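Listed below are the residues making up each chain.
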Amino acid sequence: QVHMVESGGGLVQPGSSLRLSCEASERPFSGKAVGWFRQAPGKEREFVAAFRWELNRPYYTDSVKGRFTIAKDNARKTVALQMNSLKPEDTGIYYCAGRQYWTVAYYDQDQWPFWGQGTQVTVSS
């Protein structure tokens, strides 16, 4: 079973930036897709972004487009999440997910078999 490990969370002010990193217990990760999800307090976990390795293509939820960027790490074959212009509504636990093959239902957390424990991101003044 592959495990994902996130790092890089923290407490920042609105408008600040954070970079989240994700590594897989299997190195390099042999999967073709890596995704990021988040869970705000009192809410369900939601899709944030995903990366389709063979096409070098990122996918984002509308609320983060133009502010978040998935950066590919070729050596580790995983992705980082660069988060700019952070807002209080971005607060939550951010989870990295992986799967062996791409799925058109990449926004559905049930399609991702490999997960990390999550890293806390808090955006507050």
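What counts as what
Residues numbered from 1 in each chain as written. Predicted model: local features only at pLDDT ≥ 70, side-chain atom pairs only at ≥ 80, totals over all residues. Heavy atoms only, no water. Salt bridge = Lys/Arg side-chain N within 4 Å of Asp/Glu carboxyl O. Helix = DSSP H or I, 4+ residues; strand = E, 2+ residues; numbered from the N terminus. Buried < 20%, exposed > 50% of the residue type's maximum accessible area, 1.4 Å probe, protein only. Disulfide = S-S within 2.5 Å. Lys, Arg positive; Asp, Glu negative; His and termini not counted. Polar contact = N/O pair within 3.5 Å; in protein donor to acceptor, adjacent residues only side chain to side chain. Pairing = 2+ DSSP bridges. Contact = heavy atoms within 4.5 Å.

A few words on the pattern of salt bridges. What the rule picks out here adds up to five salt bridges. Of the charged contacts in the structure, one is a salt bridge between Arg 38 and Asp 90, with a shortest N-O distance of 2.9 Å. Taken as a pair, Arg 38 in strand S4 (residues 33-39) and Asp 90 in the loop between strand S8 (78-83) and strand S9 (92-99) lie far apart in primary sequence, 52 residues in all. On the basis of relative accessibility, which here comes to 5%, the residue Arg 38 falls in the buried class. On the basis of relative accessibility, which here comes to 1%, the residue Asp 90 falls in the buried class. Among the ionic pairs, Lys 65 bridges to Asp 62, the shortest N-O distance being 3.0 Å. Of the residues examined, Lys 65 reaches a relative accessible area of 49% and is grouped as partly exposed.

Attention now moves to the state of the cysteines. Scanning the model with the defined rule gives one disulfide in all. The disulfide partner of Cys 22 is Cys 96, and the gap between their sulfur atoms is 1.9 Å. Measuring the twist about the S-S bond at about -75 degrees, one finds the Cys 22-Cys 96 disulfide to be left-handed. Here Cys 22 is found in strand S3 (residues 18-24), whereas its partner Cys 96 is found in strand S9, with 74 residues between them in sequence. The exposure classification of Cys 22 matches that of Cys 96, with both residues buried.

Note that Glu 6 resides in strand S1 (residues 4-7). Although Glu 6 lies buried, it forms no salt bridge, and the closest oppositely charged side chain, Arg 45, sits 7.2 Å away as judged by the N-O distance. Side-chain polar atoms of Glu 6 contact the backbone nitrogen of Cys 96, separated by 2.8 Å.

To continue, consider the pairing of S3. Burial of the side chains of S3 is restricted to one face: Leu 18, Leu 20, Cys 22 and Ala 24 are buried, whereas none of Arg 19, Ser 21 and Glu 23 on the reverse face is. In this sheet, S8 lies alongside S3 in antiparallel orientation, the contact comprising three bridges. Bridging across to S8, Leu 18 finds its partner in Met 83.

What follows deals with the environment of Gln 82. Residue placement: Gln 82 occurs in strand S8. For the pair Gln 82 and Pro 41, spaced 41 residues apart in the sequence, the C-alpha separation amounts to 22 Å. Each residue touching Gln 82, except ones within four places of it in the same chain, is listed here: Ser 17, Leu 18, Arg 19, Arg 67, Phe 68 and Thr 69. Of the polar contacts made by the side chain of Gln 82, one reaches the side chain of Asn 84; its length is 2.9 Å.

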